[in-house]
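Here is how the chains run, residue by residue.
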Amino acid sequence: MNAQASTPSVLQRLQHGAVDWLQTWWRLAQFAVLMLSVALTPATYGRENRPVLARHLVADTVPNLAWFGVMSALVGLVLIRIVLVTSLSYGLSRFALEMVVRVLVLELIPLTAAAFVALRTTLPAGLEFSQGRRNGTIATMPELQREFFPRVAAGVFAVWMLAAVSCVLALILAYLTLYGFTPWALAGYTRVVGQVFNPAVTLILVLKVVFFSFAVGLVPMASSFYFGGNYRVKVTHGLSDMVRLFAMILLIEVASLMGNYY
């Protein structure tokens, strides 16, 4: 009897869980469309809204760019040295540069840039902003333009800047580590890098960074938009948003790996 009675309750919990999961992703899709409409509205970039947008872009990008640039440079030097020594020990030194570009520039830097911006900026900012909103409050268009959209745009822009600057820095460090301070290896270096960055790989890299940035910018603010003041209780200090965000990042990364290597 207990087993028979517990079966409907288990099925009911599974049903409620599936419904909640679908509602969460549906709300996220609705919020993404709403932010897209706000982004395409000319009044969003009017005289009253431009200072707010510029302040969020600078505040969310510049400190992250400094810290992430130093961190990525140090980690990049270590990884480049490991790849170089390993390739030399196995007699594969001619493949060292291609391995560095594929592992560091194509995969690690975009992934870590998105995770860095999410953990340092967008998840804490979304949780903090939600405390000032009442649950169930319908946001007006001025509030969307002055409060929500600048935070979403700042998260998206920060991921773009961190990924772009760090990728360029990694390419420079790879050249200096492999060839030293000489201009004579530049032709061979650019030829190998150009072979790696064919049109398909470049397109996948750009799309990956773009989708990473959308996930980082939209997920925390979507929860703040729908849950308001109960957001802290609802997601247990942002844990649900963190899981949802990194699940999206993982799916995007897997899709990019399949596009590059299958």
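For the structure, check the block above.
On a predicted model such as this, the values are computed, not experimentally measured, just so you know.

A. Representation of helix α4 (residues 141-179) in the model. Relative to the 57 Å expected for 39 residues at 1.5 Å per residue, α4 spans 55 Å between its end C-alpha atoms, a close match to the ideal helical length. Of all the bends in α4, the largest measures some 40° and sits at Phe-149, one to four residues before the proline Pro-150. One or two positions beyond α4, positive phi appears at Gly-180, with a value near 80°.

B. Region of interest: the packing of aromatic side chains. On inspection of all chains with the given rule, the structure shows 6 aromatic pairs. For the pair Phe-31 and Phe-148, a centre-to-centre distance of 6.2 Å together with 70° between the ring planes defines the contact as edge-to-face. With Phe-31 in helix α1 (residues 2-39) and Phe-148 in helix α4, this pair connects stretches of sequence that are 117 residues apart. On the basis of relative accessibility, which here comes to 0%, the residue Phe-31 falls in the buried class. Residue classification places Phe-148 among the buried positions, given a relative accessible area of 0%. Between Tyr-179 and Tyr-189, the aromatic rings sit 6.4 Å apart at their centres with planes inclined by 85°, giving edge-to-face as the arrangement. Of this pair, Tyr-179 sits in helix α4 while Tyr-189 sits in helix α5 (residues 186-196); the two residues are 10 residues apart in sequence, bridging distant segments of the chain. Classification of Tyr-179 as partly exposed rests on a relative accessible area of 34%. Judged by its relative accessible area of 8%, Tyr-189 is buried. Taken together, Tyr-175, Tyr-179 and Tyr-189 form an aromatic cluster joined through their ring pairs.

Thresholds applied
- Residues numbered from 1 in each chain as written.
- Predicted model: local features only at pLDDT ≥ 70, side-chain atom pairs only at ≥ 80, totals over all residues.
- Heavy atoms only, no water.
- Helix = DSSP H or I, 4+ residues; strand = E, 2+ residues; numbered from the N terminus.
- Expected span 1.5 Å × (residues − 1).
- Bend = angle between axes of the 7 residues up to and from the residue.
- Phe/Tyr/Trp six-rings, centres within 6.5 Å; stacked < 30°, edge-to-face > 60°.
- Buried < 20%, exposed > 50% of the residue type's maximum accessible area, 1.4 Å probe, protein only.

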